[in-house]
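# Residue-level structural notes
Listed here are the chains, written in short residue letters.
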Amino acid sequence: MSKIACILLLVLCTHAAIHGQEEDYREPDAVDDEYQLEGIEVTAFNVSRPLLDMPGSLTLISPEQISREHAANIVPLLNQASGVFAHSGTLSTSRITIRGIGSRVPYATGKIRAYFNNIPLTNGSGISIVEVLDPSVMERIEIIKGPATSAYGAGLGGTINITSRQPFLKPTGFSNSLQVGSHGLFNNSIMVDVGRKNLSSSLVYNRSQSDGFRENSNYRRDAFTSVSQFRHGDRTQATLLVYLADMKGYIPSSIDSLTFMDNPRAAAQNWRKTRGFNKTTALLTGISGSHKLNNGFNMDVSVFGTIHDEIERRPFDFLYEDRRSIGTRLKGSRIFLLGLTQWQLMAGGELFFEKFSYKNYENIDAAGSQGEIISRNNEKIRYNNIFVQLDVDVENLKLSAGLNANTNRINYTNQIHIGGIDRSGTYHYGVILSPRVSANYRYHPAHAVFATVSHGFSPPSLSETLSTDGFINPDILPEKSWNFETGFRGSLWKRRIFYDLSFYRMQVRDLLVAERVGEDAWVGRNAGSSVHQGVEMEVQGTLFVAAGRSHSFWQPKRSTLRTALSINHYRFSDFVDNDIDYSGNAIPGVPPVYWNADVHFELSGGLYAGMGLVYAAGMPVNDANSRHSDPYAVARSTAGFQKNFSRWNLDLFLKADNIFDTHYASMILVNAPSFGNASPRYYYPGYPRYFTIGLRVGFER
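All values derive from a computational prediction rather than experimental measurement.

## Overview of unusual backbone geometry
- Residues other than glycine seldom take positive phi values, yet Lys111 does so here, at roughly 70 degrees.
- Owing to a relative accessible area of 14%, Lys111 belongs among the buried residues under this scheme.
- With a phi close to 70 degrees, Arg495 is a non-glycine residue in the positive phi region.
- Checked against the element boundaries, Arg495 lands in the loop between strand E25 (479–492) and strand E26 (497–509).

Structural data, given as structure tokens:
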């Protein structure tokens, strides 16, 4: 069946279900709030609204989804969202893409914004670093798909908003969650929650480690999180977050196709020889507060600071990176009524300052011994986002319009002058204005339609502006796009099933190409344009729920379903690189079809079980589309027992991943280079079959 036919089939099925519900709509039977998603409040696009009324594409990863995944890092959680495809090379190496944006960024997540309690996880170079986060401290994740520039600045593909544990929602108590499994997995979290009338706090310590299944893939992460929330009456509240993580992950790197098929456990020879690794220490701290004034005026303020130190031992050098950043986000809003219409006007901005120092040392004979210094550089990065937004609610119609003004400036200091030449300089691109207009219309009590037109952009990092001689090229432009989308969302079957269907088309121009000129050297240039279009569909809810309370241990209690499907058609519309015309080729690094599904069953006595499946179609691995990865399907299952005993609660589970031992690539190094007679190293092998057993014990006062 063609992609067009699949899209039409989805539309027809959805609308048939919707119209079948319209004539027989009545108040639903009691269903757990967990699955009545249309009424859940989300805060995307600067306004808190029910999910059903949100004017734009959005996926919510709920606390229940986070808890059930038992994930060691954030990647499996993000892959539950349609439109998102996250590569995972190791526990410390990943690349997240949204609607194909960021698929050609090597080794990291670029062109996507990420925040943790309003603290930016996106550094001044445009790279979002989420691998250091501990999933056990996440309360929920909201993923905005497509540009949300008027609210969050320079995110071409979208924005990931992560909310930490909310102490006010937790009873006083403690818990310990332990997981052990294949390949030396050990993951333990100790959590303490203390609550008072106006002040509540959560403390979490996590230790995660693994030997990995490949050579040179050992991993360790220690993380400490402190979240405190304060309330003063009904008008003032504040949250203080401190997150400290120390992570060390050895790097097996990618391998060529022959090694991938014959010996996927092998590390790349040069990385194995030098025992390459990445060691990261990260501190994130911030305080955010909100205050409501008598005249309907609200103020939201957050102040944050981050420290990010990184050491990477690589075959070609030792790299040291130190980042220090501070900043603030400010938003003021006023709600007023004009007749039956509610108006909300808001304005604010984000200021961000970062000092980035980095230096390289020789790796003597690529054997892991540090030699003489090669380079030392500093960057002082500053960006400003200023926005204004107007939201109008007219009965069942929600209108939103926003405008963002962005400036970015990088002062570069070259401290070691190779050949006696000082390559220091300044890069900036002036002011970029990005508008956004969207609407949501609830044409039925349980169903709504939305549409959005938005502008987005992604600034280049300094390394992408440098010429082959190491000088800043002021002619490099940010990538820019216009995004058009429409969709439907709502509830079916007495609010037990929630669906979300989106269609989008994004046109990207001034496409940045990172041309590799050495093992660790790239130069960038604007080389053309691309078109990203597709359909996304998510369905989740309750298939069955028992009526009344059962006294039988084996009585079925509840069955739930969650599924996300992405079908896309991403192409270079005008792209010439090194005199080779790639126009019309598929954009590499993203499968044209991606499907993730889970079914969960519970019995009244506390037993539960779940099954899941991930399918990814084959994808091109280079711009020429001369080679493709194989499609794959990976299955997983979970079985466990969960029970409350007075003030104690227990959760014991056994999890099996990759049940059928599928051989697949969990990460692709797009446009992998080839040096000498060596074959390109495109592939990071995915884990073979592995098992995890876990136990959570908690006490609530």
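We are not done yet, so read on.
## A closer look at the pattern of salt bridges
- Here the structure, examined in full by the defined rule, presents 31 salt bridges.
- Ionic pairing is found between Glu142 and Arg140, a salt bridge with its closest N-O pair at 3.1 Å.
- The closest approach of N and O atoms between Arg323 and Glu354, which form a salt bridge, is 2.6 Å. In this pair, Arg323 is assigned in strand E19 (residues 317–338) and Glu354 in strand E20 (residues 341–364), connecting sequence segments 31 residues apart.
- On the accessibility criterion, Glu354 (5% relative accessible area) is buried.
- Each member of the salt-bridge network shares a partner with another, and the members are Arg99, Lys145, Glu485, Glu536 and Glu538.

## Regarding the sheet that holds strand E3 (residues 58–61)
- One open sheet holds the five strands; their spatial order is E3-E10-E11-E7-E8, and the pairing between them is mixed. Edge positions in the sheet fall to E3 and strand E8 (119–120), since each of these pairs with one other strand and no more.
- In this sheet, strand E11 (residues 158–164) lies alongside strand E7 (residues 113–116) in parallel orientation, the contact comprising four bridges. Looking at the pairing, Arg113 lines up with Thr159 of E11.

## As for the pairing of strand E16 (residues 236–250)
- Two strands pair when backbone bridges link them, and strand E15 (residues 219–232) and E16 are joined in this way by 14 bridges, in the antiparallel orientation. In the sheet register, Gln229 faces E16, and the bridge partner there is Thr239.
- If you look at the hairpin formed by E15 and E16, you'll find three residues sitting between the two strands, and Gly233 has a positive phi there, around 70 degrees.
- Where E16 meets strand E17 (residues 277–292), 15 bridges bridge the pair, whose relative direction is antiparallel. Looking across to E17, one finds that Tyr250 is bridged to Phe277.

## Describing the environment of Leu652
- With respect to the helices, strands and loops of the structure, Leu652 is situated in strand E35 (residues 648–657).
- Looking at Leu652, the relative accessible area reads 40%, which means it is partly exposed.
- A sequence separation of 278 residues divides Leu652 from Ile374, and the C-alpha atoms of the two residues are 53 Å apart.

## Things to note about the packing of aromatic side chains
- For the structure on display, the rule yields 21 aromatic pairs.
- Residues Trp648 and Phe699 carry aromatic rings whose centres are separated by 5.0 Å and whose planes lie at 55 degrees to one another, so their mutual orientation is tilted. Placement of the pair is Trp648 in strand E35 and Phe699 in strand E38 (residues 690–700), with a sequence separation of 51 residues.
- Judged by relative accessible area, Phe699 falls into the partly exposed class, the value being 22%.
- Through successive ring pairs, a cluster of aromatic residues spans Phe174, Trp648 and Phe699.
- One residue, Arg231, lies across the ring of Phe168, its end atom 4.0 Å from the ring centre.
- Lying across the ring of Phe277, Lys248 places its NZ or CZ 4.5 Å from the centre.

What counts and how
- Residues numbered from 1 in each chain as written.
- Predicted model: local features only at pLDDT ≥ 70, side-chain atom pairs only at ≥ 80, totals over all residues.
- Heavy atoms only, no water.
- Buried < 20%, exposed > 50% of the residue type's maximum accessible area, 1.4 Å probe, protein only.
- Helix = DSSP H or I, 4+ residues; strand = E, 2+ residues; numbered from the N terminus.
- Salt bridge = Lys/Arg side-chain N within 4 Å of Asp/Glu carboxyl O.
- Pairing = 2+ DSSP bridges.
- Phe/Tyr/Trp six-rings, centres within 6.5 Å; stacked < 30°, edge-to-face > 60°.
- Lys NZ or Arg CZ within 6 Å of the ring centre and 35° of its normal.

Read these as layout, nothing more, since geometry by itself doesn't imply function.
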